[in-house]
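As a plain string of letters, each chain reads:
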Amino acid sequence: MEKKPFVTKEQLDKIIEQFPTPFHLYDEKGIKENALKLKKAFSWNKGYREYFAVKATPNPFILKILQDLGCGTDCSSKTELYMSEKLGFKGTDIMFSSNDTPAEEFAYAKKLGAIINLDDFTHIDFLEKVCGIPERICCRYNPGGKFTISTKIMDSPGDAKYGFTKEQLIEGFKILKQKGVKEFGIHAFLASNTVTNEYYPTLARELFNTAVELKEKTGADIKFINLSGGVGIPYTPDAEPNDIEIIGEGVHKVYDEILVPNGMGDVAIFTELGRFMLGPYGHLVTTAIHEKHIYKEYIGVDACACNLMRPAMYGAYHHITVMGKENEPCDHKYDITGSLCENNDKFAVDRMLPKIDMGDVLVIHDTGAHGFSMGYNYNGKLWSAEVLLKEDGTPMLIRRAETIKDYLATFDFTDFFKED
Ligand SMILES: *Cc1c(COP(=O)(O)O)cnc(C)c1O
């Protein structure tokens, strides 16, 4: 499918007059429409709820948009819990799906009344010592081995650090019951960025069967099943996007087949999507500032891997549009680079694009999730601004760019950088 930016060149030129590049731009309209589609796809389930994975796009303005549409938050750290609390997410609006969890984070989550999703059997004791066991709890399942969808290996849970084994889950539920837990949930995250409508239904089958077994063997009252994240997006133009309606119906079918006949037709389905909720609705907007002709052709832009780590870290493909040249032939082969002293600081390698001139604005696609949030400060690079393109077409600053003063703020106990 052809990838088109969600802004026009005219719109973007105006935005850039107000906010210099580089910055991350988000599409409010796209975010809302997609979130409503998700909600509709699971509307067959009475207790359905999406807990947005905050780590994907930890911006309060984005979280507020999703909150207004009924989403909760899925937090992985104390900071994310704090943000959720301040934004008015309360009690069971918050899922705490952490791992290797520090004591104070468990205590904070318990104080907020968040749903604690235990990552490990030994965390039962740990949690009890730290703050006591709540009446409602979730446990994360790791079935081990390989996770396959019709013989295709999707991922290797057996090599992943997360979750309880099946035996630990059964034993853990028994212990938790004795310790006073009344409401149980189970969770699993078995493959990331899946671009197939089969992932959730396949995962659901595994979790639903496990839920039935847990109910039979432990008598636990299972109230919800959390399918977690992992529904992906098509980063490349040739990939077929997921159809959330088909995915929702696929889970519905398995629900009716496994849970309903086992007297579990009131179990709520939860999701913790991040990438699917925001990925396509973010662009990294950057300007070409240098061209270099050596053994290869390079275009240097004013963004770098600190603004978007995925290409450098995973070799991930992010589509690039040269604004205003959408209809020109892609007859130039470029490496598109940032300015880090790291040769992997490239947004694209050997990419065929239209001829790029200095000052051209480039849109790097699908940066709405795990984009800004994976940023860092290497080489003293500062975090960019984040801008929301509102439904009415106007831009709004939702995070200002970092300054040198911000960068040096943790030295405020010294005089080195004091301004006179
Ligand atoms: C990262 C994460 C998510 C979100 O994953 P996506 O791939 O962005 O959907 C959900 N749940 C947990 C526990 C995670 O670690």
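Computed from a prediction, not measured in an experiment: that's the story for all the values here. (Residues numbered from 1 in each chain as written. Predicted model: local features only at pLDDT ≥ 70, side-chain atom pairs only at ≥ 80, totals over all residues. Heavy atoms only, no water.)

1. Brief notes about empty space enclosed by the protein
Phase 1: Within this structure, the stated rule accounts for 1 cavity of 30 Å³ or more.
Phase 2: Empty space within the largest cavity amounts to approximately 30 Å³.
Phase 3: Forming the boundary of the largest cavity are H24, C306, N307, F372, G375, W383 and S384.
Phase 4: In terms of residue class, the lining of the largest cavity is built from 3 nonpolar, 4 polar and no charged. (1 Å grid on protein atoms, 1.4 Å probe; cavity = no way out; pocket = protein on both sides within 12 Å on 5 of 7 lines; lining within 4 Å. Points joined across faces, edges and corners; volume = space filled by probe spheres on them. Nonpolar A, V, L, I, M, F, W, Y, C, P; charged D, E, K, R; others polar.)

2. A word on the site of the ligand
Phase 1: Inspection of the region around the ligand gives 15 residues, with K55, G230, E272, R275 and H370 positioned closest.
Phase 2: D74 is positioned such that a nitrogen or oxygen atom in its side chain is 3.2 Å from a nitrogen atom of the ligand.
Phase 3: Residue H370 places a side-chain N or O atom 2.7 Å away from an oxygen atom belonging to the ligand.
Phase 4: For the ligand, the accessible surface in isolation is 390 Å², of which the surrounding protein chains cover 91%. (Near = heavy atom within 4 Å. Polar contact = N/O pair within 3.5 Å; in protein donor to acceptor, adjacent residues only side chain to side chain. Areas by Shrake-Rupley, 256 points an atom, 1.4 Å probe, with all protein chains shown as cover.)

3. A closer look at the pairing of strand β8 (residues 152-155)
Two faces, one strand: in a regular strand the side chains alternate between the faces of the sheet.
Phase 1: The pairing of strand β7 (residues 147-149) with β8 spans 3 bridges and is classified as antiparallel. Each bridged residue has a counterpart across the sheet, and for T148 the counterpart in β8 is I153.
Phase 2: The antiparallel pairing of β7 with β8 creates a hairpin that spans 2 residues between the two strands, and S150 there sits at a positive phi of about 35 degrees. (Pairing = 2+ DSSP bridges. Helix = DSSP H or I, 4+ residues; strand = E, 2+ residues; numbered from the N terminus.)

4. Description of the environment of T148
Phase 1: Relative to the helices and strands, T148 resides in strand β7.
Phase 2: The exposure class assigned to T148 is partly exposed, which follows from its relative accessible area of 36%.
Phase 3: Linking T148 and G91, residues 57 residues apart in sequence, is a C-alpha distance of 35 Å.
Phase 4: Those residues within four positions of T148 in sequence are excluded, and the remaining contacts are I153, M154 and T202. (Buried < 20%, exposed > 50% of the residue type's maximum accessible area, 1.4 Å probe, protein only. Contact = heavy atoms within 4.5 Å.)

5. As for the packing of helix α4 (residues 78-86) against helix α5 (residues 103-112)
Phase 1: At a minimum axis separation of 10 Å, α4 and α5 run at an interaxial angle of 20 degrees. In terms of their interaxial angle, α4 and α5 are classed as roughly parallel. Handedness of the α4/α5 crossing: left-handed. Mapping the contact onto sequence places K78, L81, Y82 and E85 in α4 and E104, E105, Y108, A109 and L112 in α5.
Phase 2: In the contact of α4 with α5, the residues fall into 5 nonpolar, no polar and 4 charged. (Axes fitted to C-alpha atoms, helices over the stretch in contact; angles between N-to-C directions. Parallel < 35°, antiparallel > 145°, perpendicular 65-115°, else oblique. Left-handed = near helix turned anticlockwise from the far one by under 90°.)

6. Considering a nonpolar patch on the surface
Phase 1: Together, F411, F413, F416 and F417 make up a nonpolar patch on the protein surface, roughly 520 Å² of accessible area in all.
Phase 2: Note on placement: F417 falls in the segment after α12 (404-407).
Phase 3: What makes F417 partly exposed here is its relative accessible area of 46%. (Patch = residues over 30% accessible without salt bridge, like charges linked within 9 Å, V, L, I, M, F, W, Y side chains within 5 Å. Salt bridge = Lys/Arg side-chain N within 4 Å of Asp/Glu carboxyl O.)

7. As for helix α9 (residues 244-259)
Phase 1: Between its terminal C-alpha atoms α9 stretches 21 Å, which fits the 22 Å expected from 16 residues at 1.5 Å a residue.
Phase 2: Along α9, the residues that are buried comprise I244, I247, G248, G250, V251, H252, V254, Y255, I258 and L259.
Phase 3: Buried-residue contacts for α9 involve α2 (28-41), α8 (199-218), β10 (222-226), β11 (268-271) and α10 (275-278).
Phase 4: Measuring from the backbone nitrogen of E245 back to the side-chain oxygen at the start of α9 gives 3.0 Å, which picks out D243 as the cap. (Expected span 1.5 Å × (residues − 1).)

8. Some thoughts on the pattern of salt bridges
Phase 1: If you walk through the whole model with that rule in mind, you get 23 salt bridges.
Phase 2: Note that K325 is salt-bridged to D360, the shortest N-O span being 2.6 Å. Placement of K325 in the loop between β14 (320-322) and β15 (332-337) and of D360 in the loop between β16 (346-353) and β17 (361-364) is noted, with a sequence separation of 35 residues between them. Residue K325 shares its accessibility class with D360, and that shared class is buried.
Phase 3: Sharing partners across several salt bridges, the network here consists of K296, D335, K346 and D350.

9. What about a negative patch on the surface?
Phase 1: On the surface, E2, E326, E328 and D331 cluster together to form a negatively charged patch.
Phase 2: For D331, a relative accessible area of 48% translates into the label partly exposed. (Lys, Arg positive; Asp, Glu negative; His and termini not counted. Charge placed at Lys NZ, Arg CZ, Asp CG, Glu CD.)

10. Considerations on the sheet that holds β10
Phase 1: An order of β2-β3-β4-β5-β6-β9-β10-β11 is seen for the 8 strands of this closed barrel, with the pairing classed as parallel. Direction aside, neighbouring strands of the sheet carry axes that sit 25 degrees apart on average.
Phase 2: Across the sheet, α4 lies against β3 (72-75) and β4 (94-97), angled at about 165 degrees from β3, the strand it touches most.

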